[in-house]
Amino acid sequence: MNSHHIQTAEATGSVAENIARLNLLAPESTCSTDLAASPWDTPAGYGPGASQEDQIPSGYPVQGSIPEEYLKASDEELDARIVAAKATLGDKAVILGHFYQRDEVVKYADFVGDSFQLANAALTRDKAEAIVFCGVHFMAETADILSREDQAVILPNLAAGCSMADMADGPSVQQCWEELTALYKDEEDDGRMPVIPVTYMNCSAELKAFVGRNGGLVCTSSNAATVLEWAFERGRRVLFFPDQHLGRNTAKAMGIELEQMPMWTPRKALGGNDEATMHDAKVILWHGFCSVHKRFNPAQIAKARQEFPGVRVIVHPECPMEVVDAADEAGSTDYIQKAIAGATEPTTFAIGTEINMVNRLAAQYPQHTIFCLDPVICPCSTMYRIHPGYLAWVLEELVAGRVVNQITVPKDQQGDAKIALERMLAAKP
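Residues numbered from 1 in each chain as written. Predicted model: local features only at pLDDT ≥ 70, side-chain atom pairs only at ≥ 80, totals over all residues. Heavy atoms only, no water.

**A closer look at helix 17 (residues 388–399)**
Cut-off, in case you're wondering: In this text, helices come from DSSP runs of H or I with a minimum length of four residues, and strands from runs of E with a minimum of two, each type numbered from the N-terminal end. In this scheme, a helix's expected span is set at 1.5 Å multiplied by one less than its residue total. Throughout, exposure labels follow a simple rule: accessible area from a 1.4 Å probe, protein chains only, divided by the maximum for the residue type, with under 20% read as buried, over 50% as exposed, and the rest as partly exposed. Every residue pair with non-hydrogen atoms within 4.5 Å of one another is taken to be in contact.
With 12 residues, helix 17 extends 16 Å between its outermost C-alpha atoms, agreeing within 8% with the 16 Å of an ideal straight helix rising 1.5 Å per residue. Judged by how many residues are buried, helix 17 sits mostly within the fold: 11 of 12 residues are covered. On its buried face, helix 17 sits against helix 2 (68–72), helix 3 (75–89), strand 1 (93–98), helix 4 (103–106), strand 3 (130–134) and strand 4 (152–154). A positive backbone phi angle near 85 degrees is found at Gly401, which sits one or two residues after helix 17.

See the structure below:
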């Protein structure tokens, strides 16, 4: 296991037991902790999920059947086949594993990180002909935009998507933009645009191209404040999508009033707002959210503080505003990693983000007590669709000289999307 890996094998079980023991919350829930069930028992082509209500969005990529040998293979056999395929491919393939990916997959990754860290990490492997992205669809698209034309980006399971990204689609955003453009067309020209579009990294390449084409840019949870500052230098308002919570939390921390952050609900005239509200707006928030981070609530934090006086609560800014306000700190996955790594004394951490990452941190830093605020242990169900069976399949296909599940962003989107990403890169926090 190389230096880019996070060692995870030993503490996962004890961490899960600790979370159950804490019993911080006991809500009625549609989220299951039984993640060991066979992924092949779920609807054809979809892969395993964590929520009983998790549905395939209409028009979403569907993963076709893979050879039965991968469905019947034991964990040990899949492990041997993946290791052998990696050894045969050598530098010709690089495997990327997102922080939220399951341990059974991330242990094979050459790099582990967030979506943009991984897309950039792949660029450091000059000899790689294939980039195998163990994440979700929008991440693989970003890697394709930034990679060379002679490199193939592969998503092991095409059904590994992002429910948040699906909440903002091209036609809906374009309709919103046309309504806003018409509303603001008579505003006095002071050299700034009436509205600047900003999209979170968690969106399709189509929407990254949209913001690049219309004077906007992409943001991450790490540089969202810097991006909003960039936008306000050039525009009077910001249209922020798809995650309302990151937009609201970031703008509020910058001193923008909640009344100046109306919600835009697709398929409603002016997003469900009146003209006066939209003219007074500073940040227009799209009605989108992360299904995992939406689960966290202030009651979980209160219970954690009661059970563990002095606990340090850190949550992701995709959490609702009330959760961010109740926490000690809010930050990106990279921020959470660095905060725990930088703690010099044994500390109790209650973390509000996806469970696979929390368990991995608990295993890596046994000197601390680290647990997830949500005891139901709800992982990113779409990320969880990448099973070792899919990884073994795509790697062995590469060994045979065949590229399967290649993600290719249309040429007419690549240029504008890259502009939006380059602007984001220049917006350093």
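Once you've had a look at it, read on.
**Details of the environment of Ser172**
With respect to the element layout, Ser172 can be found in helix 8 (residues 170–183). The class for Ser172 is buried, based on a relative accessible area of 14%. On a C-alpha basis, the gap between Ser172 and Arg267 in space is 7.4 Å, while along the polypeptide they are 95 residues apart. When sequence neighbours within four positions are dropped, the list of residues in contact with Ser172 reads Pro266, Arg267 and Trp286.

**Focus on the sheet that holds strand 13 (residues 369–372)**
Just so we agree on the cut-off: Any two strands between which DSSP finds at least two bridges are classified as paired. Orientation is described by lines fitted to C-alpha atoms, with helices fitted over the stretch in contact, and by angles between N-to-C directions that extend from 0 to 180 degrees.
Taking strand neighbours across the sheet as the criterion, the 4 strands line up as 11-10-12-13 in an open arrangement whose pairing is parallel. The open sheet terminates on both sides in strands that have one partner only, identified here as strand 11 (329–330) and strand 13. One ladder, built from 4 bridges, connects strand 12 (residues 348–352) with strand 13; its direction is parallel. Looking at the pairing, Ala350 lines up with Phe371 of strand 13. Helix 16 (residues 355–364) rests against strand 12 and strand 13 of the sheet, and its axis sits at about 170 degrees to strand 13.

**Overview of the pairing of strand 3**
Within strand 3, 5 of the 5 residues are buried, which leaves the element mostly enclosed by the surrounding structure. Of the two faces of strand 3, both are covered, the one formed by Ala130, Val132 and Cys134 as well as the one formed by Ile131 and Phe133. Relative to strand 3, strand 1 is paired through 5 bridges, and the arrangement is parallel. When the sheet's bridge partners are listed, Ala93 is paired in strand 3 with Ala130.

**A few points about the sheet that holds strand 3**
Reading across the sheet, the 4 strands line up as 2-1-3-4 and stay open at both edges, with parallel pairing between neighbours. Two strands bound the open sheet, and with one partner strand each, they are strand 2 (111–113) and strand 4. Sheet twist, expressed as the mean angle between neighbouring strand axes with direction ignored, is 20 degrees. As defined by bridge partners, strand 1 adjoins strand 2 across 3 bridges and the pair is classed as parallel. Looking across to strand 2, one finds that Gly97 is bridged to Val112. Contacts from helix 17 reach strand 1, strand 3 and strand 4 within the one sheet, and its direction differs from that of strand 3 by about 175 degrees.

**Some points on unusual backbone geometry**
With glycine set apart, most residues show a phi of negative sign, and most peptide bonds adopt trans. Pro242 follows Phe241 through a cis peptide bond whose omega is -5 degrees. Relative to the assigned elements, Pro242 resides in the loop between strand 7 (238–241) and helix 11 (244–253). Unlike most non-glycine residues, Arg267 shows phi in positive territory, near 70 degrees. Taking relative accessible area as the criterion, Arg267 reaches 75% and is therefore assigned exposed. Notably, Leu270 is not glycine yet its phi reads approximately 50 degrees, a positive angle. With respect to the helices and strands, Leu270 occurs in the loop between strand 8 (263–264) and helix 12 (275–280).

**Here's the deal with the nonpolar core**
Rules: Working definition of a nonpolar core: buried Ala, Val, Leu, Ile, Met, Phe, Trp, Tyr and Cys residues. They are joined through side-chain atoms within 4.5 Å.
Ranked by size, the top nonpolar core spans 136 residues in total, and within it Val132, Val198, Phe240, Phe241, Ile370, Leu391 and Leu395 carry the most contacts. When residues in this core are grouped by element, the largest group, 7 residues, is from helix 17. The residues touching Leu391, leaving out its near neighbours within four places in the chain, are Ile82, Ile95, Val105, Tyr108, Val132, Cys134 and Pro156.

**Focus: the packing of aromatic side chains**
What describes a pair of aromatic rings is the distance from one ring centre to the other and the angle between the planes of the rings. Spelled out, the test is: Put simply, two rings from Phe, Tyr or Trp (the six-membered ring, in Trp's case) pair if the centres are within 6.5 Å, and we call them stacked under 30 degrees between planes, edge-to-face over 60, tilted for the rest. To sit over a ring, a charge needs its Lys NZ or Arg CZ within 6 Å of the ring centre and within 35 degrees of the ring normal.
For the coordinates displayed, the defined rule picks out 4 aromatic pairs. A ring pair is formed by Trp177 and Phe210, whose centres lie 5.6 Å apart and whose planes are at 90 degrees; its orientation type is edge-to-face. Of this pair, Trp177 sits in helix 8 while Phe210 sits in helix 9 (residues 205–213), and the two are 33 residues apart along the sequence. Accessibility assignment for this pair places Trp177 and Phe210 in one class, buried. Judged by centre distance (5.2 Å) and plane angle (35 degrees), the rings of Phe308 and Phe371 are tilted. Linking Phe308 in the loop between helix 13 (298–307) and strand 10 (312–315) with Phe371 in strand 13, this pair joins segments that are 63 residues apart in sequence. Judged by its relative accessible area of 18%, Phe308 falls in the buried class. Three or more aromatic residues link up through ring pairs in this structure, and these residues are Trp177, Phe210, Phe241 and Trp286. Seen from the ring of Tyr184, Arg237 lies directly overhead, with NZ or CZ sitting 3.8 Å from the centre.

Everything listed here is a matter of geometry and, on its own, says nothing about what the molecule does.
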